[in-house]
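Structural features, examined
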Amino acid sequence: MPRPRRRTRPRDAAWGLVISACARCAAHTVAYTKGAENIETSSQLTVLIKYRGLFLETMTHLELGLLPPDEDAVLWKKGLITCGSFVACGAMPLLAYAVCTPLGWPPGQLFAASVVATAATLSVLGYVKATLVKQAPLKGVATILATGALAASVAYLIGWGSQVFLADLLDARQHHQLLHVVQPPGA
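For every chain, the first residue of the written sequence is number 1, and numbering continues from 1 along that sequence. For a predicted model such as this one, the threshold for reporting local features is a pLDDT of at least 70, and the threshold for listing and counting side-chain atom pairs is 80 or more; totals across whole chains, interfaces and linings nevertheless cover every residue. Side-chain figures throughout are based on the complete set of non-hydrogen atoms in the structure, without hydrogens or water.

Here helix 4 (residues 75-100) is 26 residues long and its end C-alpha atoms lie 38 Å apart, about the 38 Å a rise of 1.5 Å per residue gives. Its axis deflected by about 45° at Pro-93, helix 4 carries its strongest bend there. Using a 1.4 Å probe on the protein chains alone, a residue whose accessible area is under 20% of its type maximum counts as buried, one over 50% counts as exposed, and one in between counts as partly exposed. The secondary structure listing takes helices from DSSP runs of H or I that are at least 4 residues long and strands from runs of E that are at least 2 residues long, numbered from the N terminus. Pro-93, Ala-96 and Cys-100 are the residues of helix 4 that are buried. Any two residues having at least one pair of non-hydrogen atoms within 4.5 Å are treated as being in contact. Summarising the contacts, the buried residues of helix 4 are in contact with helix 5 (107-132). Multiplying 1.5 Å by the residue count of a helix minus one yields the expected span of that helix. Note on bend: the value at a residue is the angle between axes fitted to the seven residues ending there and to the seven starting there.

See below:
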């Protein structure tokens, strides 16, 4: 009696199609650039296609040079380091205000000092990121600076818009309260 055929879910079938179409091209390209032009590549690729996790780890390592995450890592230490870096880097714009305000700088210069401190911090982060992922340093710095500038611009516009909206709202309430004070009761 023949074994019943296992039903595949549409997601699994789609995964198989994607892997067989893209993986062969990607794996052969990577193998060719690494100098492995022999027939073994075909049999190795067949094994990789069958095991999704192994395929992803291998291709990530070969194409991007990234190693799979360390499963023995202590997660709370990594979390603490991440939290500390966010606090330290996020404090840099405020540090510019804290240093320059006692010196008597006007608000425009304080803002400029904060922008310079932010740009310097983002540049250092971009350089470190580029070094870690083996990317061109200038590209890493430019990417982080552009992303930071976009995020800061959006945050600034939201803050400015909120301030204008709340000022108009408060002016309308004060005007409404003045009308009740000026008009005699019963009028």
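Pairing of aromatic side chains here covers Phe, Tyr and the six-membered ring of Trp, requires ring centres within 6.5 Å, and sorts the geometry by plane angle: under 30 degrees stacked, over 60 edge-to-face, intermediate tilted. Applying the stated criterion to the full structure yields 1 aromatic pair. The interplanar angle of 45° and the centroid separation of 5.7 Å between the aromatic rings of Phe-111 and Tyr-156 together place this pair among those described as tilted. On the criterion of sequence distance, the pair formed by Phe-111 in helix 5 and Tyr-156 in helix 6 (residues 137-182) is long-range, its members being 45 residues apart. Overall, the relative accessible area of 41% leaves Phe-111 in the partly exposed class.

Attention now moves to the environment of Ala-96. Counting through the fold element by element, Ala-96 comes out in helix 4. In this structure Ala-96 comes out as buried when scored by relative accessible area, which is 11%. Along the primary structure Ala-96 and Ser-114 are separated by 18 residues, whereas in three dimensions their C-alpha atoms are 5.2 Å apart. Other than its neighbours up to four places away in sequence, Ala-96 contacts Ala-113, Ser-114 and Ala-117.

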